[in-house]
Structures are given as C-alpha cells and as structure tokens.
Amino acid sequence: QVQLVESGGGLVQPGGSLLLSCETSRDIFSTSTMGWFRQGPGETRDLVALISIYAGGINYANSVRGRFTISRDNAKNTINLQMTKLKRDDTGVYYCYADHGNQRYWGQGTQVTVSS
C-alpha cells in the first residue's frame, strides 16, 4: 500500500511557525510530483503548494506565497512545508499529496490550528 505519512501539525499562535513533513517510499517519491493541500472549516480542499520531481517547478497558493516554503529532502524521501507568519485563516487539515503518473495519493491529514 502506498503511504504518505504526515507529521508536524499542532496548535500555534498567530505569527508563529510550524514545519510539516510528509514521508513516503522511494518509488513514489522519485517518480511523483508532490505537494500539500488544506481544508479549512466549512471549506473545500485547496492547493497550498506543489513541487515537481526534480524541484524545478514550484507552485504556491496566493494566500501563502512569501510565507510558506515547500522543499524536497531526497535522502529521506520526504517533502517539507515550512510555514511562517501563520494566520488564523491558515487553520485547517493539511493533506500530503502525490501525483504518480495516472494515480493520485493522499495522506491522512494533519491538523494545524492557528489561535491565540
């Protein structure tokens, strides 16, 4: 079974930072575009950031550009999302995503809550 294992979610105050990580297998990691989506309360699941196989192409949602950074760690088969200057609107469940050719895979999701 393909697994995307997320970690790093939690409760943080506005203006704070969190690092999310998503680890998968080498076979998936080395052949997939990967990224992060989030779903806020009462909202749809929307793209946060996307990174290509060789990290040459990166997309960010307008709402996070300049505050979040997505990256690949090839040694650990892991993608990271460094989130800074967090806002209350960043609250939601963050899902790791892998686009493996004609297949799509999702992590279980990790909760991020931004609140004072």
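The preceding data block contains the structure.
**A closer look at the overall build of the chain**
Regarding its fold elements, the chain presents one helix and 11 strands. Counted from the first residue to the last, the chain has its helices and strands arranged as β-β-β-α-β-β-β-β-β-β-β-β. If you line up the chain on its principal axes, its C-alpha atoms span 40 × 25 × 20 Å. When each of the 116 residues of the chain is scored for burial, the buried share is 41%. For the chain, the proportion of contacts with a sequence separation of at least 24, taken over those separated by at least 6, is 54%. Between the averaged position of the 11 positive side-chain charges in the chain and that of its 9 negative side-chain charges there is a distance of 6 Å.

**Remarks on the side chain of Ser 21**
The residue Ser 21 is located in strand β3 (residues 18-23) in this model. Take Ser 21: its relative accessible area is 17%, and that puts it in the buried class. A polar contact of 2.7 Å, which involves the side chain of Ser 21, links it to the side chain of Asn 80. Those residues in contact with Ser 21 that sit more than four places away from it in its chain are Val 5, Glu 6, Ser 7, Trp 36, Thr 78, Ile 79 and Asn 80.

**Some thoughts on the sheet that holds strand β7 (residues 68-73)**
Reading across the sheet, the four strands line up as β1-β3-β8-β7 and stay open at both edges, with antiparallel pairing between neighbours. Two strands close off the open sheet at either side, each with one partner strand: β1 (5-7) and β7. Adjacent strand axes in the sheet meet at a mean angle of 15° when their direction is disregarded. Relative to strand β8 (residues 78-83), β7 is paired through six bridges, and the arrangement is antiparallel. Across the sheet, Thr 69 pairs through a bridge with Gln 82, a residue of β8.

**Re the pairing of β8**
Buried residues dominate β8, accounting for five of its six residues. Where β3 meets β8, six bridges bridge the pair, whose relative direction is antiparallel. Residue Leu 18 lies in a different strand from β8, and its bridge partner there is Met 83. Hairpin connection from β7 to β8: four residues lie between these consecutive antiparallel strands, with Asn 77 at a positive phi of about 50°.

**Focus: the nonpolar core**
Membership of the largest hydrophobic core comes to 27 residues, with the highest contact counts inside it found for Trp 36, Leu 81, Met 83 and Tyr 94. Elements that contribute at least two residues to this core include exactly β3, α1 (26-29), β4 (33-39), β5 (45-51), β7, β8, β9 (92-100) and β11 (110-114). Those residues in contact with Met 83, other than ones at most four positions away along the chain, are Gly 16, Ser 17, Leu 18, Leu 20, Arg 67, Phe 68, Tyr 94 and Val 112.

Cut-offs and rules
Residues numbered from 1 in each chain as written. Predicted model: local features only at pLDDT ≥ 70, side-chain atom pairs only at ≥ 80, totals over all residues. Heavy atoms only, no water. Helix = DSSP H or I, 4+ residues; strand = E, 2+ residues; numbered from the N terminus. Buried < 20%, exposed > 50% of the residue type's maximum accessible area, 1.4 Å probe, protein only. Contact = heavy atoms within 4.5 Å. Lys, Arg positive; Asp, Glu negative; His and termini not counted. Charge placed at Lys NZ, Arg CZ, Asp CG, Glu CD. Polar contact = N/O pair within 3.5 Å; in protein donor to acceptor, adjacent residues only side chain to side chain. Pairing = 2+ DSSP bridges. Axes fitted to C-alpha atoms, helices over the stretch in contact; angles between N-to-C directions. Core = buried A, V, L, I, M, F, W, Y, C linked by side-chain atoms within 4.5 Å.

By themselves, these are just geometric observations and shouldn't be taken as functional.
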